[in-house]
Amino acid sequence: MAGEPFDHTGSEHHQVIGPDGQPVAEPEAEDESQGRSVTELVEQPAKVMRIGSMIRLLLEEVKSAPLDEASRARLRDIHQTSIKELEDGLAPELVEELERLSLPFNETTPSDDELRIAQAQLVGWLEGLFHGIQTAIYAQQMASQAQLQQMRRALPGAQGVPVQGRPGVPGQVAEDGPQQRPGMYL
């Protein structure tokens, strides 16, 4: 290790070192054959969120009032444009899925019901995507927390006993030393 330059490139590979100075086995990462995580599949999350919000509002509008032919034609165009814009913010795997699941419109003006179904389907797909992202982020946080706990336990002198009665510091490792008792000192 000594003399090796530190890699500042931000690579995602991390190694946990045990108390003996040797690397310890890392938890199994997700299978690479399953593809990238859902958070990596959304290349432009802000854009996807904006379009998702717009589509949800449009669906509410379609539900609340009947539309004339010109409004339905305009909404069809907005729907198709929204899908194309969404595709710009997604990885190819999600673009393929979206194309398979989205209902294509022909050149005739769609009915209110066709528009509702297409919009609801798109909103449902986006909500599933957002839930997948939230779940992936939560799993990443839990994995990071577990790795941090493992690193704390590997520190010299760490007993691995959680400190009791310290609000805001969950799972902190107690150090060797005298036990403090609550109350006045006499």
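Residues numbered from 1 in each chain as written. Predicted model: local features only at pLDDT ≥ 70, side-chain atom pairs only at ≥ 80, totals over all residues. Heavy atoms only, no water.

On to the side chain of Asp112, then. By secondary structure assignment, the location of Asp112 is in helix H5 (residues 112–154). Buried charged residue Asp112 carries no salt bridge. Nearest counter-charge: Arg72, at 4.2 Å. Among the polar contacts listed, one links the side chain of Asp112 to the backbone nitrogen of Leu67, at a separation of 3.4 Å. Not counting the four nearest positions on each side in its chain, Asp112 is found in contact with Val62, Pro66, Leu67 and Arg72. (Helix = DSSP H or I, 4+ residues; strand = E, 2+ residues; numbered from the N terminus. Buried < 20%, exposed > 50% of the residue type's maximum accessible area, 1.4 Å probe, protein only. Lys, Arg positive; Asp, Glu negative; His and termini not counted. Salt bridge = Lys/Arg side-chain N within 4 Å of Asp/Glu carboxyl O. Polar contact = N/O pair within 3.5 Å; in protein donor to acceptor, adjacent residues only side chain to side chain. Contact = heavy atoms within 4.5 Å.)

Moving on, we come to the pattern of salt bridges. Two side chains of opposite charge can pair, provided their charged atoms sit close to one another. Applying the stated criterion across every chain, the model contains seven salt bridges. With its nearest N and O atoms 3.0 Å apart, the salt bridge here joins Glu127 to Arg56. Taken together, the residues span a long stretch of sequence, with Glu127 in helix H5 and Arg56 in helix H2 (residues 45–64) at a distance of 71 residues. Given a relative accessible area of 29%, Glu127 falls into the partly exposed group. We classify Arg56 as partly exposed; its relative accessible area is 40%. Between Asp77 and Arg76 there is a salt bridge, with the nearest N and O atoms lying 3.3 Å from each other. The partly exposed category is assigned to Asp77, whose relative accessible area is 31%. What makes Arg76 buried here is its relative accessible area of 9%. One salt-bridge network, in which partners are shared between bridges, spans Lys47, Glu85 and Asp88.

Read these as layout, nothing more, since geometry by itself doesn't imply function.
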